[in-house]
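Per-entry structural report
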Amino acid sequence: LLFLSGALCLQAVAGNETWTGVVGNNNWNIAGNWAGPNTPPAAGDILAFDAPSAGGLTLNNNMTINTFGGLTFNATAPAFVLNGNAITQTGATVDNSLSLETINLPMAIGASQAFTVASGGSLTLNNVISGTGSLVKAGAGLLTLTGEAAGANTYSGGTTIKIGRASCRERV
């Protein structure tokens, strides 16, 4: 009997979650707005943004879980704007879209984090990037760091631009 009760203990595993917005609101904590093994997303998941949703393109991270394995904007993604609670990134941010993608979330990085922007694409980070990690810009597209929403970036691991363009416009 004890053996069976242990077999019934389920645990969420990290997966790829894709924003669908089917429910028609912009909140990340609504299970019906996501497709994937964990809905809503669980810690460690990679979040993907793709086609336009019923709730619009300005999305609200109102989740209490804040550590994600990465963010991906798929090639067909329209111009999303991500607002809301701070996140901790443990994996890459990838922008495969030609639309301007905007992340207004405060972001902590604890290791070397790649920010890859496809040729012809543009990714803007409008809030503080903090932590001990380093930012590595890859891909031929444009990465813009502004810190406009809250002030200067404070990550301490350095910045490397491997390819493409990067722009820094910090608020004074």
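Our subject is the structure listed above.
The sections below set out a description of the structure shown in this document. Just so it is clear, the model here is predicted, and its values are computed rather than measured. (Residues numbered from 1 in each chain as written. Predicted model: local features only at pLDDT ≥ 70, side-chain atom pairs only at ≥ 80, totals over all residues. Heavy atoms only, no water.)

**What about the overall build of the protein chain?**
A count of helical and extended segments in the protein chain gives 1 helix and 18 strands. For the protein chain, long-range pairs separated by at least 24 residues make up 37% of all intrachain contacts whose partners lie at least 6 apart in sequence. When the accessible surface of the protein chain is summed, it comes to about 7,900 Å², and 59% of that surface belongs to carbon and sulfur atoms. (Helix = DSSP H or I, 4+ residues; strand = E, 2+ residues; numbered from the N terminus. Contact = heavy atoms within 4.5 Å. Areas by Shrake-Rupley, 256 points an atom, 1.4 Å probe, with all protein chains shown as cover.)

**Some points on the environment of Thr72**
The topology assignment puts Thr72 in strand β6 (residues 70–73). Since its relative accessible area comes to 16%, Thr72 is described here as buried. Sequence-wise, Thr72 and Ile46 are 26 residues apart; in three dimensions their C-alpha atoms are separated by 7.4 Å. Leave out the neighbours within four places in its chain, and Thr72 touches Ile46, Leu47, Ala48, Phe49, Val94 and Asn96. (Buried < 20%, exposed > 50% of the residue type's maximum accessible area, 1.4 Å probe, protein only.)

**So, the pairing of strand β3 (residues 46–49)**
Bridge count for strand β1 (residues 16–19) against β3 is 4 bridges, and the pairing is parallel. The residue of β3 that forms the bridge with Glu17 is Leu47. (Pairing = 2+ DSSP bridges.)

**Focus on the sheet that holds strand β2 (residues 34–35)**
Pairing is mixed across the open sheet formed by 8 strands, whose spatial order is β2-β1-β3-β6-β9-β12-β15-β17. The open sheet has two edge strands with one neighbour each: β2 and β17 (159–161).

**Quick look at the packing of aromatic side chains**
Under the counting rule described, the total for this entry stands at 7 aromatic pairs. When the centroid spacing of 6.2 Å and the interplanar angle of 70° are considered together, the rings of Trp28 and Phe68 count as edge-to-face. Here the residue Trp28 occupies a position in the loop between β1 and β2, and Phe68 occupies one in strand β5 (residues 67–68), the gap between them amounting to 40 residues. The burial state of Trp28 is the same as that of Phe68; both residues are buried. (Phe/Tyr/Trp six-rings, centres within 6.5 Å; stacked < 30°, edge-to-face > 60°.)

**As for unusual backbone geometry**
Generally, phi is negative for residues other than glycine and the peptide bonds are trans, each holding for most cases. Backbone torsion omega between Thr39 and Pro40 reads -5°, so that peptide bond is classified as cis. Summarising the element assignment, Pro40 is placed in the loop between β2 and β3.

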